[in-house]
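For reference, the chains in residue letters:
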Amino acid sequence: LGQVVIAPKARTQARQQLASSIPRVAMPGSRFIILALVALNAVDPAAAGALRGQDKTQDPLRLPALLDQFETVLGSELRQSAASRVEHIAAALSGTFASLPKNQRGAVSAASARYAVHRYFVQRHGWQIKGLALQGEAWSANSPALAFGGSVSGEFRDLFAERVGTHGLDLHELAVLAATLEDMIHGEVVGSVTSAYRLFRKPVEKNLNQSEAKQVLDFYLANYYFGVNITSLLPEQEAGRSVRVFAPPQALQNFLRQVQDEVAPGLTSFALNDITRIVEAVSERYGQRFMETQTCEAIRSRLIQLEEANGTGRVKLVDFYESDNSQDSFGLTEHPEFLKSVGALDTSDPSVPRVIIPNYLNIQSNCRNPASAFYAICCMDMCEDLMDHLESEIRDPFARLEQILELVSALPSASVSAPRTLPAALVRKLEEVASHHNGFVPLHSRLFAQWMHFAYPRECKYPHISGTTLNMTAKEWEAATGLSEILSEAGIANYLESSLPASRHSFESAAAGGAEDDSQSLCSAMWTPDEELIDADAWMAAHAERQAVEGCLALQNILRGAAMIAAAASLLAILKGQMSFVLVGFKAMQDGGHVTAQGVFSDGKAVKFV
């Protein structure tokens, strides 16, 4: 009936002790019923918690420690640095890890590992790690080993991919992978800083004064901002050519000074380690602290101003092009074909295409590449905090419909207040998802991501079916198509002239339909029933196991109920017998008899024995 909490020997002793303590007046049948209740309660109803994989059993494979394997390739210094971060990273990953399906060693598959580590870097730094971030394919298409890039040998990458593919990664190993990637990125930082020292002809063993430190830090940050690899400048200098020194924008300088004050407050003399610590903090906080506030929030605010009145998280393409870009450092001028290719365009109504706000914010052309071999910096994914909350509350690969509705109804976002009553159309769509999976809603699935998009249209991206979009940079798209990513002024004018009539007709139809029509069509236009799971095999296994456990628990409840009814009937029989004894004794006493421990006597004759 599930996981037995009481060990067999202890359970037998408990039964014997209980049997000996049952009053002798009890009937033999009642003693059996009470023992049956004990046996039923020996099964922990929380046996289903075994599916959660939170308590990993001892690894029967005795695999070599992942840090040891990384040390053989990357060195002991990186191992020590990574080891110091593992505990903190494991805590940050725990909610996502708990909600992913696992194998028998309590480990997640390669697809789930790729997904989890990708989300860690997106949520923590706004980093899209190359090899982890989707390029339009399924999560299972590539191993997380690709994230190492060319920094390790192909042989090691293949061995690591084989280990993950065969055995998976447990929570500790997942944290080791994330910590190692983080330290490899920090290694890039150290290389850039030492190159800056060489360019300014400063010996790395010498401390810098405040003026020299500012010169090195500003130079590093300007090249980081413009995506220039500082190391590549060294041959220019060695060849006798002058190296142009860019000044970072004032807002960026202010950000640098803030981080410097946080990391190294009051320093007047800077060792190489001090400069490196400051620069590492700048690279880690740039996405969330600078890019998000200086660029992404401005784009997001502009798009929300242009959003359709019914708040769908969409902007009509005609409004997108008609907006005044003169006051912004960015322009809403991308080519319609480019927007469609990268998944930022809703073409469910071909006559009135619409830009999907969260999808547009996360296209590669809105990201910044700091000349890193490992990552690009993109706008923060506003859906991450919402998913993180659901994962932390559910801590399972799937949940019942009622639990998700309760959690989401109470979960606010930047644009959605809570508590709220979810629209009937949205509830029906989640019912469809649960029905598709025999009563359960998988958290890490395309259908649930699609539902979250309609529940939080400004925060959560619309999940396109894998293989239908390409997460390309503007340069990559231009090279592939021969078109310009930017639509020319003449092209915009031609588009507006041909599309405005259809757009006006759409507006009039929506106004005539009213609020009731909006509610009915909330999910209809772009909703598709196509499902994709991050790890389909592991999810199906966990799903089958959960159904089996719930079936056993249901049977257990039936048996417990039957046992309680039988116990009650037995108790009534006992009470009936005792009442009969009392009544006979009472009558005998009225007739001059008496009651003893052996029975009831009347006129010296036994009337009833115990």
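Residues numbered from 1 in each chain as written. Predicted model: local features only at pLDDT ≥ 70, side-chain atom pairs only at ≥ 80, totals over all residues. Heavy atoms only, no water.

## What about the environment of valine 86?
Here valine 86 shows up in helix H4 (residues 76–98). Residue valine 86 is classed as buried on the basis of its relative accessible area, which comes to 6%. For valine 86 and glutamate 173, which are 87 residues apart along the polypeptide, the C-alpha to C-alpha distance reads 8.8 Å. Aside from chain neighbours lying at most four places away, what touches valine 86 is His172, Ala175, Val176 and Ala179. (Helix = DSSP H or I, 4+ residues; strand = E, 2+ residues; numbered from the N terminus. Buried < 20%, exposed > 50% of the residue type's maximum accessible area, 1.4 Å probe, protein only. Contact = heavy atoms within 4.5 Å.)

## Re the confidence of the model for the protein chain
Of all residues in the protein chain, 72% attain a pLDDT of 70 or more, and the chain-wide mean is 79. Across the protein chain, the secondary-structure element scoring lowest on mean pLDDT is helix H2 (residues 28–41), at 37, and the one scoring highest is helix H16 (residues 401–409), at 97. The low-confidence segment residues 511–520 (pLDDT under 50) makes four contacts with residues lying over four places distant or belonging to another chain. (pLDDT = per-residue confidence, 0-100.)

## Focus on helix H8 (residues 210–226)
Between its first and last C-alpha atoms H8 spans 24 Å; for 17 residues at 1.5 Å apiece the expected length is 24 Å, and the two agree. Within H8, twelve of the 17 residues are buried, which leaves it mostly tucked inside the rest of the structure. Among all positions of H8, only Glu212, Ala213, Val216, Leu217, Asp218, Phe219, Tyr220, Leu221, Ala222, Asn223, Tyr224 and Tyr225 are buried. N-cap assignment for H8: the residue whose side-chain oxygen lies 3.1 Å from the backbone N of serine 211 is asparagine 209. (Expected span 1.5 Å × (residues − 1). Polar contact = N/O pair within 3.5 Å; in protein donor to acceptor, adjacent residues only side chain to side chain.)

## Observations regarding the sheet that holds strand E2 (residues 314–316)
The three strands lie next to each other as E2-E4-E3, forming an open sheet whose pairing is antiparallel. Looking at the sheet topology across the chains shown, the edges are occupied by E2 and strand E3 (345–346). Pairing of E3 with strand E4 (residues 354–356), which is carried by two bridges, proceeds in the antiparallel orientation. By the bridge assignment for E4, aspartate 346 is matched with arginine 354. (Pairing = 2+ DSSP bridges.)

## A closer look at empty space enclosed by the protein
Counting across every chain of the model gives three cavities of 30 Å³ or more. Taken as a whole, the largest cavity encloses approximately 50 Å³ of empty space. Contributing to the lining of the largest cavity are Ser99, Leu100, Pro101, Ser112, Pro397, His444, Leu533, Ile534, Asp535 and Trp539. Within the lining of the largest cavity, the residues separate by chemical class into six nonpolar, three polar and one charged. (1 Å grid on protein atoms, 1.4 Å probe; cavity = no way out; pocket = protein on both sides within 12 Å on 5 of 7 lines; lining within 4 Å. Points joined across faces, edges and corners; volume = space filled by probe spheres on them. Nonpolar A, V, L, I, M, F, W, Y, C, P; charged D, E, K, R; others polar.)

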